[in-house]
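So the chains spell out like this:
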Amino acid sequence: TTLFRSHYLNDEYIDKVIKILDKLNTEDYYSRMGVAWAIATIMGKYPEKCLKYLNSKDCHLDKMTYNKSLQKIRESLKVSKSCIHLILLISSFS
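Residues numbered from 1 in each chain as written. Predicted model: local features only at pLDDT ≥ 70, side-chain atom pairs only at ≥ 80, totals over all residues. Heavy atoms only, no water.

Asker: Account for the overall build of the protein chain, with residues named and values stated.
Answerer: For the protein chain, the count of helices and strands is six helices and zero strands. Overall, the protein chain shows an N-to-C arrangement of helices and strands of α-α-α-α-α-α. Taken over the C-alpha trace, the protein chain has a radius of gyration of 12 Å; the compact-globule value for 94 residues is 12 Å, and the two agree within 12%. Here the protein chain, with 94 residues, has 38% of them falling under the buried criterion. Taking the intrachain contacts of the protein chain between residues at least 6 apart in sequence as the baseline, contacts between residues at least 24 apart amount to 61%. As presented, the protein chain carries roughly 6,100 Å² of accessible surface, and 56% of it is formed by carbon and sulfur atoms. One way to put it: in the protein chain the 15 positive side-chain charges average out to a point 3 Å from where the 10 negative ones average out. (Helix = DSSP H or I, 4+ residues; strand = E, 2+ residues; numbered from the N terminus. Rg over C-alpha atoms; globule rule 2.2 N^0.38 Å. Buried < 20%, exposed > 50% of the residue type's maximum accessible area, 1.4 Å probe, protein only. Contact = heavy atoms within 4.5 Å. Areas by Shrake-Rupley, 256 points an atom, 1.4 Å probe, with all protein chains shown as cover. Lys, Arg positive; Asp, Glu negative; His and termini not counted. Charge placed at Lys NZ, Arg CZ, Asp CG, Glu CD.)

Structure below.
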C-alpha cells in the first residue's frame with residue numbers, strides 16, 4: 001500500500017488503486033493498517049471518490065479495516081474539517 005500511496009495516487013490510477021485496496025482481504029494486522037492508511041490518504045486527495053466508495057455497496061473492506069480507515073481519516077491533518085464531519089456521521093452508523 002505504501003507504493004500505491006507514493007506513486008499511484010493520481011487521476012490516472014485512483015480508481016484502480018481503490019479497486020485493488022478493496023480486494024486486499026487479509027487477516028494480517030499491518031496489511032489492514034496499510035489499507036486504512038491508504039484510504040485516509042485517498043480521502044485527503046480525492047474526498048468525493050473516497051466518500052462514494054466508503055458509502056457504496058462496492059466497499060468490501062472487512063469491519064476492522066473499514067473502522068480503522070474511518071479512524072485514520074478522522075485523525076488526518078490532510079482531510080478537510082467538512083469531510084471529517086461526514087466521517088463522524090458515517091462512524092455513528094457503523
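Once you've had a look at it, read on.
Asker: Give a description of the environment of threonine 26 that names residues and reports values.
Answerer: As for its placement among the helices and strands, threonine 26 is situated in the loop between α2 (14–23) and α3 (29–45). Beyond its immediate chain neighbours, meaning those up to four positions away, threonine 26 contacts Ser31, Arg32 and Asp62. There is a polar contact of 3.0 Å between the side chain of threonine 26 and the backbone nitrogen of aspartate 28. (Polar contact = N/O pair within 3.5 Å; in protein donor to acceptor, adjacent residues only side chain to side chain.)

Asker: I'd love a proper account of the nonpolar core, names of residues and values included.
Answerer: In terms of nonpolar packing, the biggest core is built from 26 residues, with Ile39, Ile42, Met43, Leu54, Leu61, Ile73 and Ile87 touching the most fellow members. When residues of this core are traced back to their parent elements, those giving at least two are α2, α3, α4 (47–54), α5 (63–75) and α6 (81–93). When residues in this core are grouped by element, the largest group, six residues, is from α3. Leaving out residues up to four positions away in the same chain, isoleucine 42 has contacts with Leu9, Ile14, Val17, Ile18, Leu21, Pro47 and Cys50. (Core = buried A, V, L, I, M, F, W, Y, C linked by side-chain atoms within 4.5 Å.)

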